[in-house]
Amino acid sequence: RTWRQAYDDAKSYETRLQSIMANASAMINELDKLFLDNATIPVSDGRAARPETEREEVDRLGSPSFESVGKLFSTPNVEQVIPPPEEEETPILAGPWATGVAIKGNYSSRPALILPARRDKAGMLAGAQDDASASDKENELWREALVLVVDGLELTYSNCKQIVAAVAPAEVRAEG
């Protein structure tokens, strides 16, 4: 495998770690924002919303007139959907989900937070060699680029591990 291929492999690994960190950070922010700020979350029982009745449509749009006919033809006729009355008074989400399922484990067990196997510097550099079709200067540049990326991977992996580990405590805070 060439220096460039090894670089592409290391860069792909780094990108995967950065993606995991971004997902974990977003989950922590979501948990902290939604639950620590006592935000309300609309909860649906899964039933389809009911279509708007003619009376509700007249109340919303007003009585038919020449102006309203023009509006009818100028905009697409989309059926207005209103949630059932039971859904209009949704509970505030605090502690367990409104469904009764605990919050703990719902975020931290997601596949987006599974860390790849830790890869060491020696293993990533092993087997890389000059590309016969590239110049000496190109090979040198790819080798230097690979070393730069690989040198930062240990810190990136450590940071990723810490951020992923912080998701579970955020779940505990959210349930409290």
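> A description of helix α6 (residues 136-165) should follow, citing residues and the corresponding values.
Between its first and last C-alpha, α6 extends 44 Å over 30 residues, near the 44 Å set by a 1.5 Å rise per residue. Within α6, the axis deviates most sharply at Leu153, by approximately 35°.

> Can you explain the packing of α6 against helix α7 (residues 167-175)? Please cite residues and give values.
The N-to-C vectors of α6 and α7 enclose an angle of 20°; their axes lie 4 Å apart at closest approach. Relative to α7, the element α6 lies roughly parallel. On α7, the residues touching Ile163, Val164 and Ala165 of α6 are Val167, Ala168 and Pro169. Among the residues making up the contact of α6 with α7, the classes are represented as 6 nonpolar, no polar and no charged.

> Break down the nonpolar core for me, citing the residues and quoting the values.
With 26 residues, the main nonpolar core has Ala10, Leu146 and Leu153 as its most contacted residues. Counting only elements with at least two residues in this core, the list comes to α1 (3-36), α6 and α7. If we skip the residues at most four places from it in the chain, Leu146 touches Trp3, Ala6, Tyr7, Ala10, Met124, Leu125 and Ala128.

> Hey, could you go over the pattern of salt bridges for me, with residue numbers and the actual values?
One pass over the full model with this rule turns up 6 salt bridges. Between Glu154 and Arg118 there is a salt bridge, and its shortest N-O distance comes to 3.0 Å. Here Arg118 lies in the loop between α4 (85-88) and α5 (121-125) and Glu154 lies in helix α6, a separation of 36 residues in the sequence. Residue Lys121 pairs with Asp151 through a salt bridge whose shortest N-O separation is 2.5 Å. Here the residue Lys121 occupies a position in helix α5, and Asp151 occupies one in helix α6, the gap between them amounting to 30 residues. A residue is classified by how much of its surface remains accessible, and Lys121, at 40% relative accessible area, is partly exposed. Connected through shared salt-bridge partners, Arg1, Asp9 and Arg119 make up one network.

> Account for the packing of aromatic side chains, with residues named and values stated.
In this structure the tally under the stated criterion is 1 aromatic pair. Residues Tyr7 and Trp142 carry aromatic rings whose centres are separated by 5.3 Å and whose planes lie at 55° to one another, so their mutual orientation is tilted. On the criterion of sequence distance, the pair formed by Tyr7 in helix α1 and Trp142 in helix α6 is long-range, its members being 135 residues apart. Given a relative accessible area of 26%, Trp142 falls into the partly exposed group. Over the face of the ring belonging to Tyr13 we find Arg119, whose NZ or CZ atom lies 5.1 Å from the ring centre.

> Describe the confidence of the model for the chain, listing the residues and the values that go with them.
Confidence along the chain averages 76 in pLDDT terms, with 64% of residues attaining 70 or more. Mean pLDDT in the chain bottoms out at α4, which sits at 55, and peaks at α6, which reaches 92. A low-confidence stretch, residues 39-48 stays under pLDDT 50, and its non-local contacts, those more than four residues away or across chains, total 17 contacts.

> I'd like to hear about the side chain of Asn139, residue by residue, with values.
With respect to the helices, strands and loops of the structure, Asn139 is situated in helix α6. Ignoring any residue separated from it by four or fewer positions in sequence, one finds Asn139 in contact with Trp3, Asp130, Asp131 and Ala134.

> If you had to explain α7 to someone new, which residues and values would you point to?
Residues of α7 that are buried include every one of Val167, Ala170, Glu171 and Ala174, and no others. When α7 is viewed along its axis, its buried side chains cluster within an angular range of 105° and face the same direction.

How each quantity is defined
- The residue numbers shown here count from 1 along each chain, following its written sequence.
- Local features are withheld for residues below a pLDDT of 70 in this predicted model, meaning they are given only at 70 or higher, and side-chain atom pairs are given and counted only at 80 or more; totals for whole chains, interfaces and linings count all residues.
- Side-chain numbers here rest on the full set of heavy atoms in the structure, without hydrogens or water.
- Secondary structure is summarised from DSSP: a helix means a run of H or I of at least four residues, a strand means a run of E of at least two, and numbering begins at the N terminus for each.
- Any helix carries an expected span of 1.5 Å times its number of residues minus one.
- To get the bend at a given residue, fit one axis to the seven residues ending there, fit another to the seven starting there, and take the angle between those axes.
- The axes are straight lines fitted to the C-alpha atoms, using for helices just the contacting stretch, and the angles between their N-to-C directions are given from 0 to 180°.
- Convention used here: angles under 35 degrees read as roughly parallel, angles over 145 as roughly antiparallel, angles from 65 to 115 as roughly perpendicular, and any remaining angle as oblique.
- Contacts were defined at the residue level, with two residues in contact if any of their heavy atoms lie within 4.5 Å.
- Following the grouping adopted for this structure description, the nonpolar residues are Ala, Val, Leu, Ile, Met, Phe, Trp, Tyr, Cys and Pro, the charged ones are Asp, Glu, Lys and Arg, and the polar ones are all others, Gly among them.
- In this description, a nonpolar core means a group of buried Ala, Val, Leu, Ile, Met, Phe, Trp, Tyr and Cys residues linked to one another through side-chain atoms lying within 4.5 Å.
- Residue burial is assigned from relative accessible area. The probe radius is 1.4 Å, only protein chains are included, and a residue is buried under 20% of its type maximum, exposed over 50%, and partly exposed in between.
- Salt bridge, as applied in this entry: a Lys or Arg side-chain nitrogen positioned within 4 Å of an Asp or Glu carboxyl oxygen.
- We call Phe, Tyr and Trp rings a pair once their centres come within 6.5 Å, taking the six-membered ring for Trp, and we label the pair stacked below 30 degrees between planes, edge-to-face above 60, and tilted otherwise.
- When the NZ atom of lysine or the CZ atom of arginine is within 6 Å of a ring's centre and also within 35 degrees of its normal, the charge is said to sit over that ring.
- What pLDDT expresses is the predictor's confidence in each residue, scored from 0 to 100.
- Here, the arc refers to the directions that run from the helix axis to the C-beta atoms.

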